[in-house]
Structures are given as structure tokens and as C-alpha cells.
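Each chain, letter by letter, is given below.
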Amino acid sequence: MLDQIKGLHHVTSMAASAGTNNRFFTDTLGLRRVKKTVNFDAPDVYHLYYGDEVGTPGSVMTYFPFPHIARGRPGTGEVGTTLFSVPEGSIGYWTDRLSKAGVDGLKTDSAFGENRLYFAGPDGDGFALVEVKDDPRAPWTGNGVGEDNAIRGFHSASLRLRDEGATGELLKYMGYSQIDAKDGVTRFGIPGGNGADVIDIETMPNIAHAHLGAGSVHHIAFAVENREKQLEVRKALMETGYQVTPVIDRDYFWAIYFRTPGGVLFEVATNEPGFNRDEDTAHLGEALKLPKQHAHLREALEQHLEPIE
């Protein structure tokens, strides 16, 4: 069993409009845009990152906004819901705030002893806020949401699978332990993790496979401290039979990827070097930052990409 993984690093999804996506995460949810760059494989498309003040691993939601992309079809083999941690007693505040903002899909419930507020993103993305008592992580409050209510980072992610077995075993190998099960959902957690250390598996044997599009999660990333730990994880996964990519430099972290038995794309990303490697912390996310291999495209990209504040 591995012990290098400490929880989630980031979650990356697809969107249809960069401007709409940016407004939702900064104005509506109150997160900070910590990086404005481009998709390494499709540089004519933004890669936007939102999180806390510095983009701490476990707080960062990222997006590829492909203009006019068709909406995804929900189903199995994907991340169904991404859940954020908010302070105990703040669900009422968020219900009022999201309702006034015209957010769709508002629904409250309780699961595993936690109060939740479900809501949809601009492209039908599945989200929820979960009340967590005494989450010690510092929130970003620069976009008008006070400290008593602000998002602390991820709480968890829920995987929709036709069968739990093989992916559940993979999570256990990755250092997760089963901590509960109820109503077709099995909960896994990492003791002493980074706060974003819960994964739920929803077993849906009769649901068709998801179709990737706007509102879909493209991949989910798990955090390791550094490149040395990442190489240990890569070696162990390959020895177990997984097809794992070589290490890829993503400028703000190093990444490896592999496909899980249930169809979800997993990434393992390093906490180093961080989002302030090329911008002062006070100005994160303001300028368009380009990977060196795309630096020569700056003039064309600045004319092509949708302007966002």
C-alpha cells in the first residue's frame, strides 16, 4: 500500500465559455483565479485555475473552456460531484447567495452526518458544499465572501461507477481506507491527509457510460509532496499493472496520468513548485502565462482568446 498520496491536488473540468466560467468561480463562489494559462495540448484554449490565495493543493478547480463545446452527458465512469468544504452553519448563507445569483439545481440534504448543498455549475457541472466543523485551512476572502462562510478547499469527490470493486481496491492501494458505506455509496478516506482527503464511490450498475463535454470532469488529480514521491508512486503503479504516462512538466507541478478500472482518468501531481513560480503572490492569475513551448504564439493567442477580467 502506498503512503505518498495525501488527498486531492486539483480537479480539471470542461467548459463552454471562459468568461462565464471565470465569473462563476470568482464572483459567485468567491474563489481566487490563481493562474490564467493555456491548455498544453491545445494552446488556443485557456487553462484557468481557481482556489485559495496561493492555489494550495487540495483547493484548486481548473477548467479547459472550449468555445461552443457540446454539453457532456452524465453517466458512469466519471467524477459525478465535486464537493467543497465550508464552515459549519454556512449552508443558509450559501443557499441565499446562490439563489440570488440564479444558480440551478439547489438542493440540501444530509449524508454521512454532513449537511450539504448541491448546485449546478454554468454547464451543468455537479457540485456541492459540505459543512465541516473546524476545517483549519485558510480561505480566500478577496472576492467578497467573508471568512465565516468562505470555501476552504475541496472536501471530496464522488466517482460514478458501474462497479465499485476494482476502483475500490485501487484506492486502498493508493493509501485510502474504507470508512463508511450507505445507500449505494462507499466512502474512502486518507488519515492525516490534506483536508481534501475523501473519495466516495457511487455504484450505478444500470447507468450508461458518461460522454465527455462541457460540465464534465476531465480528470482528477491526487497530491504528493515532491517528484521523488511521485516517482515512487509511478513505479509502484506500473509494477501493479497500470499503464502510467512518463512524468510531464506542467510548469506549476509535475504530473503522471493513468486510467482507472472504472474509466476515470487519475493524475498524480506534485505540490511543488506551485503557482507563484512565475508570478508574485499578490498578482496571481492576472497575466496570461504561456508554457515555454507556446511562448512564440503569444501575439496570436492574445488576439484569439476571449478577454476575461
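The protein is annotated in an unreviewed UniProt entry as VOC family protein from Neorhizobium phenanthreniclasticum.

A. Main features of the packing of aromatic side chains. Counting across every chain of the model gives 16 aromatic pairs. A centroid spacing of 5.2 Å and a plane angle of 45° characterise the contact between phenylalanine 25 and tyrosine 63, whose relative ring orientation is tilted. Remark: tyrosine 63 occurs in strand β4 (residues 60-65) and phenylalanine 25 occurs in helix α1 (residues 18-28); sequence separation between them is 38 residues. The burial state of phenylalanine 25 is the same as that of tyrosine 63; both residues are buried. An aromatic cluster is built from Phe24, Phe25, Tyr50, Tyr63, Phe84, Phe119, Phe127 and Phe154, whose rings are joined through pairwise contacts. Lying over the aromatic face of tryptophan 140, arginine 32 brings its terminal NZ or CZ to 4.6 Å of the ring centre. Lying over the aromatic face of phenylalanine 40, arginine 250 brings its terminal NZ or CZ to 5.1 Å of the ring centre.

B. Just the sheet that holds strand β15 (residues 253-259), in detail. Judged by pairing direction, the sheet is mixed, and its eight strands sit side by side in the order β2-β3-β4-β1-β13-β16-β15-β14 without closing on themselves. Of all strands in the sheet, those bounded by a partner on one side alone are β2 (32-38) and β14 (248-249). Here five bridges tie strand β1 (residues 8-15) to strand β13 (residues 217-224), and the two strands are oriented antiparallel to one another. When the sheet's bridge partners are listed, valine 11 is paired in β13 with isoleucine 220. Against the sheet, α1 contacts β1, β2, β3 (46-51) and β4, and its axis sits at roughly 5° relative to β3.

C. Region of interest: the sheet that holds strand β6 (residues 107-111). Pairing is mixed across the open sheet formed by eight strands, whose spatial order is β6-β7-β8-β5-β9-β12-β11-β10. The outermost strands of the open sheet, each flanked by one partner alone, are β6 and β10 (177-182). This sheet shows a mean twist of 25° between the axes of neighbouring strands, independent of strand direction. Along the sheet face, helix α3 (residues 165-173) touches β9 (153-161), β10, β11 (185-189) and β12 (198-203) and points at about 170° away from the line of β12.

D. Spatial organisation of the UniProt feature "domain: VOC" (unreviewed entry) in the protein. Those residues carrying the UniProt feature "domain: VOC" (unreviewed entry) are residues 7-132 and 153-271 in this numbering. Secondary structure content for residues 7-132 is 17% helix and 44% strand, while the C-alpha to C-alpha distance between its ends is 16 Å. For the annotated span residues 153-271, helix accounts for 18% and strand for 42% of the residues, and the straight-line distance between the end C-alpha atoms is 15 Å.

E. Broad picture of the nonpolar core. Grouped together as the largest cluster of nonpolar side chains are 62 residues, with contacts concentrated most on Ile220 and Phe266. Setting aside anything within four residues of it in sequence, one finds phenylalanine 266 in contact with Leu159, Leu170, Leu171, Met174, Ile220, Phe222, Ile256, Tyr257, Phe258 and Thr260. Listed in part, the 12 residues of the second largest apolar core include Tyr49, Tyr252, Tyr257 and Leu265.

Cut-offs applied
Counting from 1, residues in each chain are numbered in the order their sequence is written. Totals for whole chains, interfaces and linings use all residues, but because this is a predicted model, local features are given only for residues with pLDDT of at least 70 and pairs of side-chain atoms are given and counted only at 80 or more. Derived side-chain values reflect all non-hydrogen atoms in the structure, with water molecules and hydrogen atoms excluded from consideration. Centres within 6.5 Å make a pair out of two Phe, Tyr or Trp rings, where for Trp the six-membered ring is used; the pair is then stacked when the planes are under 30 degrees apart, edge-to-face when over 60, and tilted otherwise. Starting at the N terminus, helices and strands are each numbered in turn, a helix being any DSSP run of H or I of at least four residues and a strand any DSSP run of E of at least two. Summary of the burial criterion: residues with accessible area below 20% of their type's maximum are buried, those above 50% are exposed, and those between are partly exposed, where the area comes from a 1.4 Å probe applied to protein chains only. Look at NZ for Lys and CZ for Arg. If either is within 6 Å of the ring centre and within 35 degrees of the ring normal, a charge sits over the ring. Any two strands between which DSSP finds at least two bridges are classified as paired. We call two residues in contact when some of their heavy atoms are within 4.5 Å. The axes are straight lines fitted to the C-alpha atoms, using for helices just the contacting stretch, and the angles between their N-to-C directions are given from 0 to 180°. UniProt positions are given in the numbering used here, feature names are shortened, and annotations may be inferred rather than shown by experiment. Side-chain atoms within 4.5 Å are what join buried Ala, Val, Leu, Ile, Met, Phe, Trp, Tyr and Cys residues into a set we call a nonpolar core.

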